Amino acid sequence: MRIVVIGAGVVGVAAAWALRRAGAEIIVVEAREGPALETSFANAGHLAVASGPWAAPDVPGKLLRWLGQEDAPLLVRLRWDPTLWRWGLRFLANCTARAHEENARAIGTLAQLSFNETIRLRGELAIADDVNREGVLTLYRDPRALAAAEKKRDRLAAQGIAAELLDRNGMVAREPALAAAADRYAGALFAADAETADCRAFTLALAAEAERRGVVFRFRTRVAEILVEGGRARGVALAGGERVAADAVVLAAGPWSVRLALRLGLRLPIYPGKGYSVTVPIAGRNGAPRHAVIDEADKVYVARFGERLRIAGTLELAGFDPTPSPARAAATLERLRRLFPDGGDYARAEHWTGLRPMTPDGRPLIGATSIRGLWLNTGHGPLGWTLACGSALLLASLLAGSPPPIDATPFAPSRF
Ligand SMILES: Cc1cc2nc3c(=O)[nH]c(=O)nc-3n(C[C@H](O)[C@H](O)[C@H](O)COP(=O)(O)OP(=O)(O)OC[C@H]3O[C@@H](n4cnc5c(N)ncnc54)[C@H](O)[C@@H]3O)c2cc1C
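This section reports on the structure supplied with the text. Values in this document were obtained by computation on a predicted structure and should not be read as measured data. (Residues numbered from 1 in each chain as written. Predicted model: local features only at pLDDT ≥ 70, side-chain atom pairs only at ≥ 80, totals over all residues.)

## Quick notes on the sheet that holds strand β11 (residues 232–238)
- With antiparallel pairing, the three strands of this open sheet are ordered in space as β10-β11-β12. The sheet is open, and its two borders are formed by β10 (223–229) and β12 (243–245), each paired with just one other strand. Between one strand axis and the next, the sheet turns by 30° as a mean value, whatever way the strands run.
- With six bridges connecting them, β10 and β11 associate as antiparallel partners. Considered in β11, the bridge of Val-223 is made with Leu-238. (Pairing = 2+ DSSP bridges. Helix = DSSP H or I, 4+ residues; strand = E, 2+ residues; numbered from the N terminus. Axes fitted to C-alpha atoms, helices over the stretch in contact; angles between N-to-C directions.)

Put into C-alpha cells, the structure is as follows:
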C-alpha cells in the first residue's frame, strides 16, 4: 500500500513512522524545507498527560472579562469571520462542566497511550530531545483555586498519575528558583512523573530514522490539491503540477488542513489558535528552575531544555496571520522574567509564534472521512506533542482495519 502523508510536523512524522512500521510505502510531502518548522518548532514541550481541553466552564467569563485587553492570556480579535463565529459557538457549547469532563477523559486516555509510546520510541531509537524528568509544578494564585485543585489531584489519581498539593512554603522548598515570585502564589500541584522534552528535536530525530527505514520525504513541496476520482482519494497534485499517486492520503497539515479539505467540500472544524513562546539561554544564571512550571492563571508553560529556558502559551484567535503582537510578545517575556528574575540571559531572548490546529472540543480528528482513502490526523490544538505518537498508533490501526489500541470513537471526524 502506498500512502501520501501531507505535513511533516510532529503529527505527520509520527504517523509516517507508525504507517511505515506497519509495512506501507510512505511519501511525506512538506511545504517547508524540513520537518517541524511550523507549529511543532518551539512549543512548550510539555508531555501534558494531565491537561484537559481549553474549552472549560470558567472560560466564557474570562473571555468576556479580557475582551480588548491586548496582553490577555486568551484573546479573541472580533471581526467578521464566519468561520471564527461558527467555531466559537461550538467551542462555547463545549464549555459546560459535562462536556469538559467528557472531553478531558477522552484526551487523557489518548495522552496516556501517547506518553507510553513517546517514551518507548525515545528509548528504542536513542532520541536525544532534552527530556526533563524532574516533574511539573502547576502554580495557583488564588487559595480557592488551590483548594479546587484537590479535584484535579483526585482525577489524576484515578488516571494513575500521582500528584501532591503543596502550600507556598512547600512549593519553594520543591523549586527554590520560585522564591522571588512566591508571594504571588498560594501554592502548587506537583506531578512528579510528568515530563517535558523538545518536540522539534524529537520530530527531527524520528524523521531521520523514518527516512533510514525507507520513508521518502519531499521537502519544499506544497500539495495543491488532494486528487479524488470515483469518490476515492487517488493521490495528490503538487504546486508545480506533478501528480503523486497513492492508495491512501493522510491529511496531517495542522491548521492548514482546513484549506485542502475545503477544496473537496469537507469543512473541518479547526481554527488556528496563535500562541507565543520565548526561549532564553540559561547562560550560567543561578535562578533557572529545575522543574517545569505551569501558571494556570496566565495560561503559560515553562520548560527547561538542557541549558535553555522557554515560556510558551496564551491563545489568540485572529485567523492565519502568524505576525506577533509586540505587546503579547513582550508580555510573554515579562511573565518569564517575573517568575525567574535570574533565570537566563533575557537580552538574548528568541521570540516565536505558532498556530495551533484547534477543534472546538479539544479532541483531534483521527480517522476516515466521507471520501474513501482520505484519512485525517489533525486538530491536536494545544496538545499535539503530547498526543502525536498515540494518534499515530490509532491511525495506523484504523487504516489497517485492525483493533485500535483505545476506543477511536471520541476522535472520529464524523462527530462534527
Ligand atoms: C505556543 C505553543 C505552545 C504549545 N505547547 C505545547 C505543549 O507544551 N505540549 C503539547 O503537547 N503541545 C503544545 N503545543 C501544540 C503543538 O505544538 C501542536 O499541536 C503541534 O505542533 C501540531 O503539530 P502538527 O504536525 O499537527 O502541525 P505542524 O507542526 O504545523 O505541521 C503541519 C505541517 O504541514 C505543512 N503543510 C501545510 N500545508 C501544506 C501543504 N499544502 N502541502 C505540504 N505541506 C503542508 C506545514 O508546513 C507544517 O510543517 C503548543 C503550541 C503552541 C503554539
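Back to the write-up after that little detour.
## Notes on the sheet that holds strand β9 (residues 216–218)
- Read from one edge to the other, the open sheet built from six strands follows the order β9-β2-β1-β13-β20-β19, with strand pairing classed as mixed. The open sheet terminates on both sides in strands that have one partner only, identified here as β9 and β19 (365–368). Within this sheet the neighbouring strands show an average axis-to-axis angle of 20°, counted without direction.
- Pairing geometry for strand β1 (residues 2–6) and strand β13 (residues 248–251), over four bridges, is parallel. Residue pairing across strands places Ile-6 opposite Leu-251, the latter belonging to β13.
- Across the sheet, helix α1 (residues 10–21) is in contact with β1, β2 (25–29), β13 and β20 (374–378); its angle to β2 comes to roughly 170°. (Contact = placed C-beta atoms within 7 Å.)

## Re the nonpolar core
- Ranked by internal contacts, the top residues of the largest apolar core, which has 122 residues, are Ile-6, Ala-14, Ala-15, Val-249 and Val-250.
- A total of ten residues in this core trace back to one element, the largest contributor, which is helix α10 (residues 384–400).
- Split by domain, this core shows at least three residues from each of two domains, domain 1 (2–40 + 201–269 + 362–415) and domain 2 (54–94 + 131–192 + 271–356).
- Once residues within four sequence positions are removed from consideration, Val-250 is found in contact with Ile-3, Val-5, Ile-6, Ala-15, Trp-375, Asn-377 and Leu-395. (Core = buried A, V, L, I, M, F, W, Y, C linked by C-beta atoms within 7 Å. Buried ≥ 20, exposed ≤ 12 C-beta atoms within 10 Å, placed from the backbone. Domains from an automatic or database assignment.)

## Description of the pairing of strand β17 (residues 308–317)
- Within β17, nine of the ten residues are buried, which leaves the element mostly enclosed by the surrounding structure.
- As judged from the three bridges shared by strand β4 (residues 74–76) and β17, these two strands associate in the parallel manner. Each bridged residue has a counterpart across the sheet, and for Val-76 the counterpart in β17 is Leu-317.
- With seven bridges joining them, strand β14 (residues 271–281) and β17 adopt antiparallel strand pairing. Paired with Lys-274 across the bridge in β17 is Glu-316.
- In sequence, strand β16 (residues 300–305) turns back onto β17 through a hairpin of two residues, with Gly-306 there showing a positive phi of about 60°.

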